[in-house]
Amino acid sequence: MVEINGLKFSTSIAVLFALREAEGHTTLQETYASLTHSDIDRMIEVMRICYEKGENKKLTTEEFLNELGNCGIGYVKMSKIYAQIVEKIMCDGLSQEEIDAAKKLAKEKMPKA
């Protein structure tokens with residue numbers, strides 16, 4: 001669970017199942033992989049589902065965007081929140097040291113430009 005500006009976003013594995021169903025993916029791996037390649041519409045949908053699970057309520061996309069706006073969350077802040085949510089989903093259960101080590105390893109394996 002991530003709480004930002006008083007809004008609760010679930011980061012449990014249940015979010016992946018809800019996203020898989022909403023997007024028509026056949027595997028959780030497909031859903032998991034898609035989290036790293038998101039445009040604004042996908043970011044909003046992922047965040048809406050996480051919010052619905054975290055707050056235990058159903059909202060339309062417009063209602064969700066109004067909730068964000070009421071909390072002073074614009075596009076740049078939304079992008080930062082999305083990154084936090086995805087990191088928490090991917091690293092749930094790991095200590096901060098383990099997360100930092102995983103990030104370092106991933107950075108080392110990235111091709112040099």
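You'll find the structure just up there.
Residues numbered from 1 in each chain as written. Predicted model: local features only at pLDDT ≥ 70, side-chain atom pairs only at ≥ 80, totals over all residues. Heavy atoms only, no water.

Colleague: Looking at this structure, I do not really get the overall build of the chain. What am I missing?
Modeller: Counting secondary structure elements, the chain contains six helices and two strands. Counted from the first residue to the last, the chain has its helices and strands arranged as β-β-α-α-α-α-α-α. Against the compact-globule benchmark of 13 Å for 113 residues, the chain has a radius of gyration of 15 Å, which places it among compact chains. Over its C-alpha atoms, taken along the principal directions, the chain stretches across nearly 40 × 35 × 30 Å. Expressed as a percentage of the 113 residues in the chain, the buried residues total 34%. A sequence separation of at least 24 residues applies to 56% of the contacts in the chain between residues at least 6 apart. Accessible surface for the chain amounts to roughly 7200 Å². Of this, 53% is attributable to carbon and sulfur atoms. If you average the places of the 15 positive and of the 18 negative side-chain charges in the chain, the two averages end up 5 Å apart. (Helix = DSSP H or I, 4+ residues; strand = E, 2+ residues; numbered from the N terminus. Rg over C-alpha atoms; globule rule 2.2 N^0.38 Å. Buried < 20%, exposed > 50% of the residue type's maximum accessible area, 1.4 Å probe, protein only. Contact = heavy atoms within 4.5 Å. Areas by Shrake-Rupley, 256 points an atom, 1.4 Å probe, with all protein chains shown as cover. Lys, Arg positive; Asp, Glu negative; His and termini not counted. Charge placed at Lys NZ, Arg CZ, Asp CG, Glu CD.)

Colleague: Where do I start with the packing of aromatic side chains in this structure?
Modeller: In this description, an aromatic ring pair is defined by two values, namely the gap between the centres and the angle between the planes. Applying the stated criterion across every chain yields a total of two aromatic pairs. Ring geometry for Phe9 versus Tyr51: centroids 5.9 Å apart, planes at 55°, classification tilted. Of this pair, Phe9 sits in strand β2 (residues 7–9) while Tyr51 sits in helix α3 (residues 40–55), and the two are 42 residues apart along the sequence. Taken together, a centroid distance of 5.5 Å and an interplanar angle of 50° make the contact between Tyr51 and Phe64 tilted. Taken together, the positions of Tyr51 in helix α3 and Phe64 in helix α4 (residues 61–70) put the pair 13 residues apart, joining distant regions of the chain. Residue classification places Tyr51 among the buried residues on the basis of a relative accessible area of 1%. (Phe/Tyr/Trp six-rings, centres within 6.5 Å; stacked < 30°, edge-to-face > 60°.)

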